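Structural features, examined
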Amino acid sequence: MTQTVLLAEDDRAIRHALERALTLEGYEVTAVADGVEALAQAHRTQPDVLVLDVMMPGIDGLQVCRVLRAEGDRTPILMLTALVETADRIAGLDAGADDYVVKPFDVEEVFARLRALLRRTNGTPFEVPKEEEKRIPTGQMSVAGLRMDVQARRAWRGERELELTRTEFDLLELLARNAGIVLDHATIYDRIWGYDFGPGSKNLAVYVGYLRRKLDEPGAPALIHTVRGVGYVLRED
């Protein structure tokens, strides 16, 4: 079945070029020029994935994302941004975006990230070892004061429920399933995004940083630890 993409980009040249590339890649694309049109189209037809430019006149990509998430729409969203500061990326994640690509971008990177988002939407991104299945109740996990309902995609630290985006939940689930084990960057990229964006990518660091902000509590031990030069581990010190 052909997968549908709603593309919102106010730069005409970029919009036409990306629409053509996505169409040639096999997607059914609806391209619009601003956030107002994007919201109207998203309400009319449910796309499989949205690609939103951050900087658009009127209603920008962040506002479109916030409106859809407030309405309970969980369609995966990939942001296109010329903003490269970590704070700007965090703003996109905070609005409910699942991933982002920084302009100027390679169209193959856009394809890879879309494939990863759609894989996570259509099925589980994890292959749980048989021995792990035996010791973890179906759909439930509890480790280091963290509780997760995988089927409902809900998570709590103590009594506080965490408000997590799709990617944040997937990342936390991966770390929780491997609690006490250091996962290297390449493994995490492969399991979460299905693609290793290379040693220069800050994508993982941004997501880990934002996840920490949601997990950490004053006076409580940190749960996600950086192992410099290797990767990350979830444990309660």
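Residues numbered from 1 in each chain as written. Predicted model: local features only at pLDDT ≥ 70, side-chain atom pairs only at ≥ 80, totals over all residues. Heavy atoms only, no water.

The protein chain is annotated in an unreviewed UniProt entry as Response regulator transcription factor from Streptomyces lannensis. Within the UniProt record for the protein chain, the comment given under Subcellular location (unreviewed entry) is "Cytoplasm". (UniProt positions renumbered as here; feature names shortened; annotations may be inferred.)

Here we look at the overall build of the protein chain
Looking only at helices and strands, the protein chain features 9 helices and 12 strands. When each of the 237 residues of the protein chain is scored for burial, the buried share is 48%. For the protein chain, contacts bridging at least 24 residues in sequence account for 60% of all contacts bridging at least 6. For the protein chain, the exposed surface amounts to about 11,600 Å²; the carbon and sulfur share of it is 50%. (Helix = DSSP H or I, 4+ residues; strand = E, 2+ residues; numbered from the N terminus. Buried < 20%, exposed > 50% of the residue type's maximum accessible area, 1.4 Å probe, protein only. Contact = heavy atoms within 4.5 Å. Areas by Shrake-Rupley, 256 points an atom, 1.4 Å probe, with all protein chains shown as cover.)

A short note on the side chain of Arg166
Mapped onto the elements, Arg166 comes out in helix α7 (residues 166–177). For Arg166, the contacting residues outside a window of four places in its chain are Arg74, Thr75, Pro76, Asp98, Arg120, Thr121 and Arg153.

Observations concerning the nonpolar core
Ranked by size, the top nonpolar core spans 52 residues in total, and within it Leu171 and Leu172 carry the most contacts. For this core, the leading source of residues is helix α9 (residues 203–215), giving 7 residues. (Core = buried A, V, L, I, M, F, W, Y, C linked by side-chain atoms within 4.5 Å.)

Details of the packing of helix α8 (residues 185–193) against α9
At a closest axis distance of 11 Å, the pairing of α8 and α9 adopts a crossing angle of 80 degrees. Here α9 runs roughly perpendicular to α8, going by the angle between their axes. Residues His185, Ile188, Tyr189 and Trp193 of α8 touch α9, and the partners they reach there are Asn203, Leu204 and Tyr207. Broken down by class, the residue content of the contact of α8 with α9 amounts to 5 nonpolar, 2 polar and no charged. (Axes fitted to C-alpha atoms, helices over the stretch in contact; angles between N-to-C directions. Parallel < 35°, antiparallel > 145°, perpendicular 65-115°, else oblique. Nonpolar A, V, L, I, M, F, W, Y, C, P; charged D, E, K, R; others polar.)

Observations regarding the environment of Phe169
For Phe169, the position within the fold is in helix α7. Given a relative accessible area of 2%, Phe169 falls into the buried group.

Details of the pattern of salt bridges
Pairing is possible between side chains that carry opposite charge, provided their charged atoms lie close to one another. A full pass over the atoms with the stated rule returns 12 salt bridges. Salt-bridge contacts for Lys103 lead to Glu9; the nearest nitrogen and oxygen are separated by 2.9 Å. Taken together, the residues span a long stretch of sequence, with Lys103 in the loop between β5 (99–102) and α5 (107–122) and Glu9 in the loop between β1 (4–8) and α1 (12–24) at a distance of 94 residues. Salt-bridge contacts for Arg69 lead to Asp98; the nearest nitrogen and oxygen are separated by 3.0 Å. You can see Arg69 sitting in helix α3 (residues 61–70) and its partner Asp98 sitting in the loop between α4 (86–95) and β5, a full 29 residues away along the chain. When salt bridges with common partners are traced through the structure, they connect Glu9, Asp53 and Lys103 into a single cluster. (Salt bridge = Lys/Arg side-chain N within 4 Å of Asp/Glu carboxyl O.)

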